[in-house]
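Coordinates in review
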Protein chains: 2
Amino acid sequence: MTKELIVVALGGNAIKQPDEKGTTEEQLRNVDATASELVKLIQMGYDLVVTHGNGPQVGDLLIQQEEAQEYVPPKTLYLCGAMSQGQIGWMIQNRLQHHLTRHGIDKPVCTVITQVVVSEEDPDFRDPSKPVGPFYTKEEAMELVRDWGYIVKEVRPGKEKGWRRVVPSPEPIDIVEKEAISRLVKQGVIVIASGGGGIPVKLNEDGTYSGVDAVIDKDLAGFKLAQVVQADRFVILTDVEKAYLNYGKPEQKALDVLSADEAERYLNEGHFLMGSMGPKVKACVRFVRWSKKEAIISSLDRAIDALEGRTGTRIVP
Amino acid sequence: MTKELIVVALGGNAIKQPDEKGTTEEQLRNVDATASELVKLIQMGYDLVVTHGNGPQVGDLLIQQEEAQEYVPPKTLYLCGAMSQGQIGWMIQNRLQHHLTRHGIDKPVCTVITQVVVSEEDPDFRDPSKPVGPFYTKEEAMELVRDWGYIVKEVRPGKEKGWRRVVPSPEPIDIVEKEAISRLVKQGVIVIASGGGGIPVKLNEDGTYSGVDAVIDKDLAGFKLAQVVQADRFVILTDVEKAYLNYGKPEQKALDVLSADEAERYLNEGHFLMGSMGPKVKACVRFVRWSKKEAIISSLDRAIDALEGRTGTRIVP
């Protein structure tokens, strides 16, 4: 019955559309549409492991930490990450169960709170690169530096609210809960894991792990998840049907099939934005090199066509 | 090697002490002490499934929803419950792993985001009984009724801030993720589940589940968890070593061993506070009736002694 085991990495638009405020109802509606598409894949016989981003949700939690600080001690970024895994994991789990039940498919679904190991030696800890949370004026930004010890950067020069907090975005090294996740997958459970790239933890000298304030790229962590479960394919679903060369320029060219070597060359030539398509292509290259199998970048509504080879950008050995 | 499978229900003091503000550091320190005690049980050969409360954490999240409402749409109570499962589950999981590693015990730990089914016909939906979140003045409370549609009650008559939001506290009927949880437990994974009594969901006519704004008692849900995993014993760890008759009065009397029938009689006679010891005794009675085995109420620091029969209140068939 099972065709393949696929790790699906969902982009932000699977949960929150850019023009939405992010109410519970809006998010549930988006996740419902996402789950409906994913269950079509399950109906076709694919086994899924699902991971997802958490940028807008953690952004909201960070604003709430600030606004209520007079009454409630603001929680650390990694604890907000853990909260977002509970929130988004529940939504995906509930809506997947919903569509499975409606289609008469009896498969357990389970969200696993996931920690991902990073190294304190990662260069991103010396020069943080990842913007998180809201935009601030320079004055507000300087206040955050003084009162909260944040590192801030001007990300939209010239704009009034052009400053944001930046945090390290270190490389994912390992998934702490790999045993539990792979046991569940082997038992036929649809697992949601490594949400938002995982809760970042560092390995201490005594072999234990502590939370660190950082944000791990969810696609790079998704590759680690694909390794843990020995996935047959790695599929990144985002808001575009394909990756492009010279994206947004008149000469832009959609990419259909390319080798890991070609993809890496384009990466090095700067064809893909580092905050956007770059890490997706990088994660795919890593998967293809490791598995000698295919990775795909496409959009949610074209997922089936992409899996069947009719669209999407396919990166092959 | 394994003696017994035990479901442990942790009280609020395992995570936040009443006199603390609830910073990340404070909570992690408390959870670390809790985990250190639990790992002693694991060292003795007990297999554990862990559940926990979430009252103060959800209370904080509710305040944050209100304070930041100008910028971030307030999330529903059940979504805050899902967030608290991620937050607290991660803390327990991380600190259990910490002490297991230090003791050279190789056992996976895993938090499962858990939904618990309730009935919309439950009488508590008609007359909500469970206070949540902060205390308000009458004026603030009336504003919340008008603007947010909350139900409020005067819980400390005469006090300036004597009002609180109340929500339904329906009976737990079933655990949606029972398959995944029991598979993990059978595989030797230490599972953290049903946090805060679970995310409350109602069963729709088409067999799917939707979130509802309610709070399920964590000890009554803990009994459901004990059923799901076929626990050998059910242990509720709280801030007192034993349950008492006439608690707080001069004639108070500690309870050592009592039958389910006796416990039920004392319950009906009103010996146990309904917001506190009442549901604990009720959950124990249910477990004993179902399993024909023992349930224990004791404090975290006396857990081993209680399990070995040297202290605690033991409710027996």
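Structure: above.
Figured I'd write up the structure that's included with this text. (Residues numbered from 1 in each chain as written. Chains lettered and ligands numbered in written order. Predicted model: local features only at pLDDT ≥ 70, side-chain atom pairs only at ≥ 80, totals over all residues. Heavy atoms only, no water.)

**Notes on the sheet that holds strand E17 (residues 313–316) of chain A**
Residues and elements named next belong to chain A. In space, the eight strands of this open sheet follow the order E3-E9-E2-E1-E12-E16-E17-E15, with mixed pairing throughout. Each edge of the open sheet is held by one strand with a lone partner, namely strand E3 (109–112) and strand E15 (257–259). With direction set aside, neighbouring strand axes in the sheet form an average angle of 20 degrees. With two bridges joining them, strand E2 (residues 47–52) and strand E9 (residues 190–193) adopt parallel strand pairing. Note on E9: the bridge partner recorded for valine 50 is isoleucine 192. On top of the sheet, helix H3 (residues 77–102) reaches strand E1 (5–10), E2, E3 and E9; it is set at about 170 degrees to E3, its chief contact. (Pairing = 2+ DSSP bridges. Helix = DSSP H or I, 4+ residues; strand = E, 2+ residues; numbered from the N terminus. Axes fitted to C-alpha atoms, helices over the stretch in contact; angles between N-to-C directions. Contact = heavy atoms within 4.5 Å.)

**A look at the packing of aromatic side chains**
In this structure the tally under the stated criterion is 12 aromatic pairs over all chains. Between A:Trp90 and B:Tyr78, the ring centres sit 5.4 Å apart and the planes meet at 65 degrees, which makes this aromatic pair edge-to-face. Residue A:Trp90 is found in helix H3, and its partner B:Tyr78 is found in helix H3 (residues 77–102); the two belong to separate chains. Like A:Trp90, the residue B:Tyr78 is buried in the burial classification. Between B:Phe234 and B:Phe287 the ring centres are 5.7 Å apart and the planes differ by 45 degrees, which places this aromatic pair in the tilted class. With B:Phe234 in strand E12 (residues 233–238) and B:Phe287 in helix H8 (residues 277–291), this pair connects stretches of sequence that are 53 residues apart. The burial state of B:Phe234 is the same as that of B:Phe287; both residues are buried. By way of ring pairs, the aromatic residues A:Phe223, A:Phe234, A:Phe287 and A:Trp290 are connected into one cluster. Between A:Arg156 and the ring centre of A:Phe135, over which it is positioned, the NZ or CZ distance is 4.0 Å. (Phe/Tyr/Trp six-rings, centres within 6.5 Å; stacked < 30°, edge-to-face > 60°. Buried < 20%, exposed > 50% of the residue type's maximum accessible area, 1.4 Å probe, protein only. Lys NZ or Arg CZ within 6 Å of the ring centre and 35° of its normal.)

**So, the side chain of B:Lys75**
Along the chain, B:Lys75 turns up in the loop between helix H2 (55–67) and H3. Judged by relative accessible area, which is 8%, B:Lys75 ranks as buried. Side-chain polar atoms of B:Lys75 contact the backbone oxygen of A:Gly22, separated by 3.4 Å. Filtering out sequence-adjacent residues up to four positions away, B:Lys75 remains in contact with A:Gly22, A:Thr24, A:Gln27, A:Asp60, A:Gln87, B:Gln65, B:Cys80 and B:Met83. (Polar contact = N/O pair within 3.5 Å; in protein donor to acceptor, adjacent residues only side chain to side chain.)

**Points about the relation of the copies chain A and chain B**
Both copies of the chain are placed relative to one another by a rotation about an axis and a shift along it. Least-squares fitting of chain A to chain B yields an RMSD of 0.0 Å, with the superposition described by an axial translation of 0.0 Å and a rotation of 180 degrees. When the rotation and shift are considered jointly, the pair of chain copies conforms to a two-fold rotation axis. By residue overlap, the copies meet face to face through one surface: 100% of the interface positions of chain A are interface positions in chain B. (Least-squares fit on C-alpha atoms with pLDDT ≥ 70 in both.)

**Remarks on the nonpolar core**
A general tendency of soluble globular proteins is for nonpolar side chains to be buried together. If you look at the biggest cluster of nonpolar residues, it comprises 96 residues, and the most contacted ones within it are A:Ile181, A:Phe234, B:Ile181 and B:Phe234. The residues contacting B:Phe234, other than those within four sequence positions of it, are B:Val7, B:Ala9, B:Asp219, B:Gly222, B:Phe223, B:Ala226, B:Ala283, B:Cys284, B:Phe287, B:Glu294, B:Ala295 and B:Ile296. Counting 79 residues, the second-largest nonpolar core is a separate cluster that includes A:Leu48, A:Val235, B:Met91 and B:Ile199. (Core = buried A, V, L, I, M, F, W, Y, C linked by side-chain atoms within 4.5 Å.)

**Some words on the interface of chain A and chain B**
Between chain A and chain B, the residue contacts involve 58 residues of the former and 58 residues of the latter. When chain A packs against chain B, the two sides together hide about 4,700 Å² of surface, and 62% of this comes from carbon and sulfur. Between chain A and chain B we count four salt bridges in total. Residues A:Asp60 and B:Lys75 are paired through a salt bridge, measuring 3.7 Å at the closest nitrogen-oxygen approach. Taken together, the links from chain A to chain B amount to 28 residue pairs in polar contact (both at pLDDT 80 or more). Elements supplying a minimum of two residues to the side of chain A that touches chain B: helix H1 (24–43), helix H2 (55–67), H3, E3, helix H5 (178–186), strand E10 (199–203) and strand E11 (209–211) of chain A. (Buried area = accessible area lost by both parts, 1.4 Å probe. Salt bridge = Lys/Arg side-chain N within 4 Å of Asp/Glu carboxyl O.)

**Overview of the environment of B:Asn13**
All names here are of chain B. Residue placement: asparagine 13 occurs in the loop between strand E1 (5–10) and helix H1 (24–43). By relative accessible area, which is 26% here, asparagine 13 ends up partly exposed. Sequence-distant contacts of asparagine 13, that is, excluding residues within four places in its chain, are made with Thr238 and Asp239.

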